[in-house]
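Descriptive analysis of the structure
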Amino acid sequence: MIVLKTGRELKVMREACRISAAALKLAGSAVEPGVTTAELDKIAEKYILSQGAKPNFKNYNGYPATACISINNEVIHGIPSKKRVIQAGDIVSIDLGACFEGYHGDNAATFACGDISEEAKRLIDTTRESLYEGIAAAVSGGRLGDIGAAVQQYVESRGYSVVRQFVGHGIGTKLHEAPEVPNFGTQGRGIRLMPGMTLAIEPMINMGHYDVKVMPDGWTVLTKDGSLSAHFEHTIVITPDGPQIMTKP
Ligand code: MF3
Ligand code: CO
């Protein structure tokens, strides 16, 4: 069942999203050579708690941290560790969210550590832009497939591939709600989009093939071919006047 949110609910959810976005921005600006992924996780966690919110990934299906931090060929769900030191040239995907007064926010972005290659820059730019293409397609009266089709078309036109095994999602009083929001698909297909729908759109884009595998830790998702991967995510709400990004700091 897809839950349409009322104005009162959206007001609370906007605060959860603001906190999520500010935490992501803080952690992202701390990315530099020598920092550990555990340190970035702590920065985000401290901020979220200071706002009277809770890190909503922590303990979700047993996940042990506030953020997922995934480097280079890691796609998503990298577990922060004191042993994982970020190096110049790495691309660092940070995914995190906050729950405030029962409502969830969720967002992600890929950050560059120091100087990165031109090809890595292009992958990051394409992934960010593909998210905005997907958001622009999330309009009342359209169809769910319009979102994935917009992301996929943009990404593939630039020579990259869209991860199939993980998708975006509805979000609200739960971190993951119906519907699933694939980053690939066919325009005009799927459920009708309506005002009050709150969605987390989150393209995961690989430089090579879209196939992924899970590491023995049971969480970290890697590209099967070892190619670089980037990830951007916003929580949005569909309004009568178009899509609105809720995860803005
Ligand atoms: N980052 C995922 C999402 O955006 C959720 C993380 S799963 C968790 O939907 F277990 F790590 F929390
Ligand atoms: Co999400």
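Summary of the structure given here. (Residues numbered from 1 in each chain as written. Chains lettered and ligands numbered in written order. Predicted model: local features only at pLDDT ≥ 70, side-chain atom pairs only at ≥ 80, totals over all residues. Heavy atoms only, no water.)

Some thoughts on the overall build of the protein
- Counting its secondary structure elements, the protein contains four helices and 15 strands.
- A compact globule built from 249 residues should have a C-alpha radius of gyration of about 18 Å, and the protein, at 17 Å, falls within 12% of that.
- Principal-axis analysis of the C-alpha atoms places the extent of the protein at approximately 45 × 45 × 30 Å.
- Within the protein, the proportion of its 249 residues that are buried is 56%.
- Relative to all contacts within the protein whose residues are 6 or more apart in sequence, the contacts with residues 24 or more apart total 71%.
- Carbon and sulfur atoms provide 52% of the accessible area of the protein, an area that totals close to 10600 Å². (Helix = DSSP H or I, 4+ residues; strand = E, 2+ residues; numbered from the N terminus. Rg over C-alpha atoms; globule rule 2.2 N^0.38 Å. Buried < 20%, exposed > 50% of the residue type's maximum accessible area, 1.4 Å probe, protein only. Contact = heavy atoms within 4.5 Å. Areas by Shrake-Rupley, 256 points an atom, 1.4 Å probe, with all protein chains shown as cover.)

Focus on the packing of aromatic side chains
- Throughout the structure, instances matching the rule amount to one aromatic pair.
- Relative to Trp219, the ring of Tyr63 has its centre 4.9 Å away and its plane inclined at 80°; by these criteria the two rings are edge-to-face. A residue pair is termed long-range when its members are at least 10 positions apart, and Tyr63 in the loop between strand E1 (54-55) and strand E2 (67-71) and Trp219 in the loop between strand E11 (212-214) and strand E12 (221-223) qualify at 156 residues.
- Cation over ring: Arg164 sits above Phe184, and NZ or CZ is 5.1 Å from the ring centre.
- Taking the ring centre of Tyr210 as reference, the NZ or CZ of Arg164 above it sits at 4.1 Å. (Phe/Tyr/Trp six-rings, centres within 6.5 Å; stacked < 30°, edge-to-face > 60°. Lys NZ or Arg CZ within 6 Å of the ring centre and 35° of its normal.)

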